[in-house]
Amino acid sequence: MYKFGYYDEICKTVQMAACPLLGDSQVGFEPTCYARNIEVRNALIFQMATLIIDIIALFMTIIMIVHVRSKYTAVGRKEMVMVFYLYLIMTILDFITISGIIPISSVVYPYFVAAYLGLTSAICWCLMLNGTVGFQWTEDGTALSLWTFRLTSLLIFGLMYFISIATFKEVASFSRGHPIGLFIMYFIFNPFCLLVYVVLQVIVVVNTLDEYWPLGNISFALVFFVIGQVIQVFLSDKICEGIKHYVDGVFFGTICTLLSVMMVYKYWDSITKEDLEFSVDGKGNTWEVKELLNEDDEFAPYAGQAANTVGYAGVSFANTGSQYGGQGYPQSMGHQQPAYGQQAGYSQQQQPQQMGYPQQQQQQQHQAYPPY
């Protein structure tokens with residue numbers, strides 16, 4: 001029977017990294033059923049299926065970090081990327097602690113487990129703080145915002161680290177048999193931070209956004225996390241026995257945690273829009289001049305509607321009705337297309353005086369723009 005503040009039933013159900021360091025006996029708790037081990041060069045590797053998921057999680061986290069960093073003008077970009085950095089480090093520590101790379105009997109094993117537990121709390125705290133970015137308590141990306149995230153996350157990490165080490169070593173009033181402090185931090189404080197984040201995001205979406213589709217992403221993140229924890233804490237031994245020890249609840253819990261993190265990224269990406277004016281893209285914008293118009297005609301963009309406007313070939317739009325200056329009437333219709341720079345009805349000698357251009361400037365224009 002599960003008791004508040006005790007890991008007895010939890011560690012009998014699922015193989016957790018902290019379980020060998022808890023309990024009244026020196027060997028700690030051992031699960032009733034756990035995934036099969038494999039031998040590689042005279043070394044036992046535990047939780048092989050879970051390790052594969054951890055490797056996939058590392059690659060997916062790197063991809064998410066790159067995508068978050070590429071959104072240069074997105075709100076809360078620098079704050080959100082901290083969560084993924086912490087998750088990346090936590091995944092590496094999870095890989096080390098559950099695989100047997102560092103033996104349980106090693107003197108450094110408790111310190112790695114304490115660091116892993118500290119990162120779990122730091123991630124939840126940092127994610128909760130990200131939920132406040134949308135309320136603009138301070139401008140995102142500033143030194144005040146970033147250092148608030150860094151220092152408070154470091155404080156939570158240090159607090160959880162100290163509680164873990166004090167429990168494992170039974171310092172002061174901390175006890176391995178009754179790890180109440182560790183229980184409260186891991187099973188109450190962490191879910192509380194995640195719940196606050198979800199509530200804050202619902203408020204932000206309802207009050208500021210025109211559509212509610214992002215709520216689906218954050219809902220999926222919450223559902224995946226809850227399913228993963230339920231499988232690990234309550235159903236791990238049953239799954240292990242049903243699948244003949246090939247995998248246990250740790251495998252499915254790791255998958256659900258990864259999916260939850262991915263949905264948090266998907267949610268953040270859906271509510272943040274980048275300012276294209278200041279964004280940096282690998283593909284440059286190409287500007288192309290489609291048509292040369294008379295630079296002295298202020299109605300050049302409306303050449304098809306302006307009267308007596310000379311187009312590219314010098315054809316009067318009022319006379320031809322053409323929308324493009326380079327296209328006039330065909331020769332078969334009896335209309336002769338004027339030469340470049342010459343308006344219909346005027347000779348080349350008359351046009352400069354009528355339009356007010358000096359003869360020298362008109363010649364320079366003819367030299368700058370050769371005939372089409």
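It should be emphasised that the depicted structure is a prediction, and the values quoted were computed from it without experimental measurement.

Parameters at a glance
Residues numbered from 1 in each chain as written. Predicted model: local features only at pLDDT ≥ 70, side-chain atom pairs only at ≥ 80, totals over all residues. Heavy atoms only, no water. Disulfide = S-S within 2.5 Å. Buried < 20%, exposed > 50% of the residue type's maximum accessible area, 1.4 Å probe, protein only. Helix = DSSP H or I, 4+ residues; strand = E, 2+ residues; numbered from the N terminus.

1. Quick word on the state of the cysteines
- Tallied over the entire structure, the rule returns two disulfides.
- At a sulfur-sulfur separation of 2.1 Å, the disulfide partner of Cys11 is Cys19. Taking the sign of the torsion about the S-S bond as the criterion, the disulfide between Cys11 and Cys19, at about -85 degrees, is left-handed.
- Look at Cys19 and you get buried, because its relative accessible area is 2%.
- Each sulfur of the disulfide joining Cys33 and Cys240 lies 2.0 Å from the other. Residues Cys33 and Cys240 share a disulfide whose torsion about the S-S bond is about -70 degrees; that sign makes it left-handed. A residue pair is termed long-range when its members are at least 10 positions apart, and Cys33 in the loop between helix 1 (8-13) and strand 1 (38-40) and Cys240 in helix 8 (residues 236-242) qualify at 207 residues.
- The exposure class assigned to Cys33 is buried, which follows from its relative accessible area of 1%.
- When the bonded cysteines of the chain are counted from the start of the sequence, the pairing works out to 1-2, 3-4.
- A disulfide-free cysteine, Cys124 has its sulfur positioned 6.1 Å from the sulfur of Cys193, the nearest such atom.

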